[in-house]
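Geometric and topological summary
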Amino acid sequence: MMTDHQRIHPANDLESQTKPTIPLYPRNISKSDRRDPLQYEYFSPPIPKRKFQVRYSLPPKRKRSCCCRFLCYTFTILLILIIAISITLGSLYLAFRPKLPKYSVDRLRIAQFNLSDNNNLFVTFDVTVTARNPNKKIGIYYVSGSNISAWYKETELCEGSLPNFYQGHRNITVLNLPLTGQTNDASGLVNTLQQQLQEKGNLPLNIKVNQNVRVKFGKLKLFRVKFHVRCEVVVDSLGADNDISISDSSCKFKLRL
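One structure accompanies this document, and this report is about it. Once a new chain begins, its residue numbering starts again from 1 and follows that chain's sequence as written. The predicted nature of this model means local features are confined to residues of pLDDT at least 70 and side-chain atom pairs, given and counted, to a pLDDT of 80 or more, with totals for whole chains, interfaces and linings taken over all residues. Neither water nor hydrogens contribute to the side-chain values; these are computed over all heavy atoms in the structure.

**What to know about the state of the cysteines**
Cysteine sulfur pairs qualify as disulfides if the two atoms are within 2.5 Å. Applying the stated criterion across every chain, the model contains one disulfide. Linked covalently through their sulfurs, C231 and C251 form a disulfide whose S-S length is 2.0 Å. Judged by the sign of its S-S torsion, about 110°, the cystine formed by C231 and C251 is right-handed. Here the residue C231 occupies a position in strand 9 (residues 220-235), and C251 occupies one in strand 11 (residues 246-256), the gap between them amounting to 20 residues. Working definition: with a 1.4 Å probe on protein chains only, accessible area under 20% of the residue-type maximum means buried, over 50% means exposed, and in between means partly exposed. Among the residues examined, C251 registers a relative accessible area of 27% and is labelled partly exposed. Distance from the sulfur of C72, which forms no disulfide, to the nearest cysteine sulfur (C68) is 4.3 Å. Given the relative accessible area of 35%, C72 is considered partly exposed. Where helices and strands are cited, they refer to DSSP runs of H or I of at least four residues and of E of at least two residues respectively, numbered from the N terminus.

This is how it looks when you write it as structure tokens:
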């Protein structure tokens, strides 16, 4: 009897037990190109690379400093105050309809215009100024600190002041104001004035008024403001003790807080 290891197994059984293996050479290669299977490099098709989208993260936000917050709060408060003041002024304007006062120089009398022996010029003018308040509901308080002066170009000839008074609604006030002044080394100035009168027959003068006032809206009296009035006056002579004829007069008004 044959033992188990001496048995002859059918060929089909051996082939069924053999596992398929990868061929040593690629199928599409000729024999002449064959090399040692251990030295042959078997290449597989390249694997496509996957692209990843790069995302940049923003830096973390820094906390606002105390100084920045203080500036923001201050700006907000100022903005609220500006809006409140604008609303108040707008309401006052609609309620009272304010108009600018008007001024004019109606008369000029030279009481003194003398050149002394030491070339000092003494000048005294009597000026009549008319102030008009065209407003229906607004009064004007003329307070201390006013100044009125007469100029020839850049040289001040004389000066004075306005009295304190209250000008009511739609009121016209006529003011007679004395102006006095002294100019040293004025011989050249006098010659220039006389030459101007001889050549052109007239002399341009400037009357400047700086007046502190308080405006009254109904029963509400506002803070102090300044009136600046500039009047250009053209006269025909500088003879003393004579009423000077004013051939032209125009005034400009400015308001400053």
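**Examining the pairing of strand 8 (residues 203-217)**
Paired strands, in this sense, are two strands between which DSSP finds at least two bridges. Direction of pairing for strand 3 (residues 138-142) relative to strand 8: antiparallel, over a ladder of five bridges. In the sheet register, G139 faces strand 8, and the bridge partner there is K216. The sheet contact formed by strand 4 (residues 147-152) and strand 8 spans five bridges and is antiparallel. Each bridged residue has a counterpart across the sheet, and for N147 the counterpart in strand 8 is N210. Pairing of strand 8 with strand 9 involves 14 bridges; the strand directions are antiparallel. Paired with P204 across the bridge in strand 9 is V234. In this structure, the hairpin formed by strand 8 and strand 9 is closed by a connection of two residues, where G218 is found at a positive phi of approximately 65°.

**Topic: a nonpolar patch on the surface**
In this analysis, a patch consists of residues with relative accessible area above 30% that form no salt bridge, clustered at 9 Å for like charges and at 5 Å for the nonpolar side chains Val, Leu, Ile, Met, Phe, Trp and Tyr. For every accessible area listed, the method is Shrake-Rupley and the probe measures 1.4 Å; residues are considered covered only by the protein chains on display. We define a salt bridge as a side-chain nitrogen of Lys or Arg found within 4 Å of a carboxyl oxygen belonging to Asp or Glu. There is a patch of nonpolar side chains on the surface, built from I77, L78, L81, I85 and L89 and spanning about 500 Å² of accessible area. Its place among the elements puts L78 in helix 2 (residues 66-96).

**A short note on the pairing of strand 5 (residues 155-160)**
Note that strand 4 and strand 5 share five bridges and pair antiparallel. Paired with I148 across the two strands is G160, which belongs to strand 5. Connecting strand 4 to the next strand, strand 5, in antiparallel fashion are two residues, including K153 with a positive phi near 55°.

**Here we look at the nonpolar core**
What is meant by a nonpolar core is a set of buried Ala, Val, Leu, Ile, Met, Phe, Trp, Tyr and Cys residues, joined one to another through side-chain atoms within 4.5 Å. Judged by nonpolar contacts, the single largest core of 47 residues is most densely connected at F125, Y142, I148, L203, L205 and F227. Not counting residues up to four positions away in its chain, the partners in contact with F227 are P101, Y103, I140, Y142, V209, N210, Q211, V213, F253, K254 and L255. Any pair of residues with heavy atoms lying within 4.5 Å of one another is described as a contacting pair.

**A word on the environment of C158**
Residue placement: C158 occurs in strand 5. Each C-alpha atom, one on C158 and one on T183, is 8.6 Å from the other, the two residues being 25 residues apart in sequence. Setting aside residues no more than four positions away along its own chain, C158 makes contact with V123, F125, S149, A150, L179, T180 and G181.

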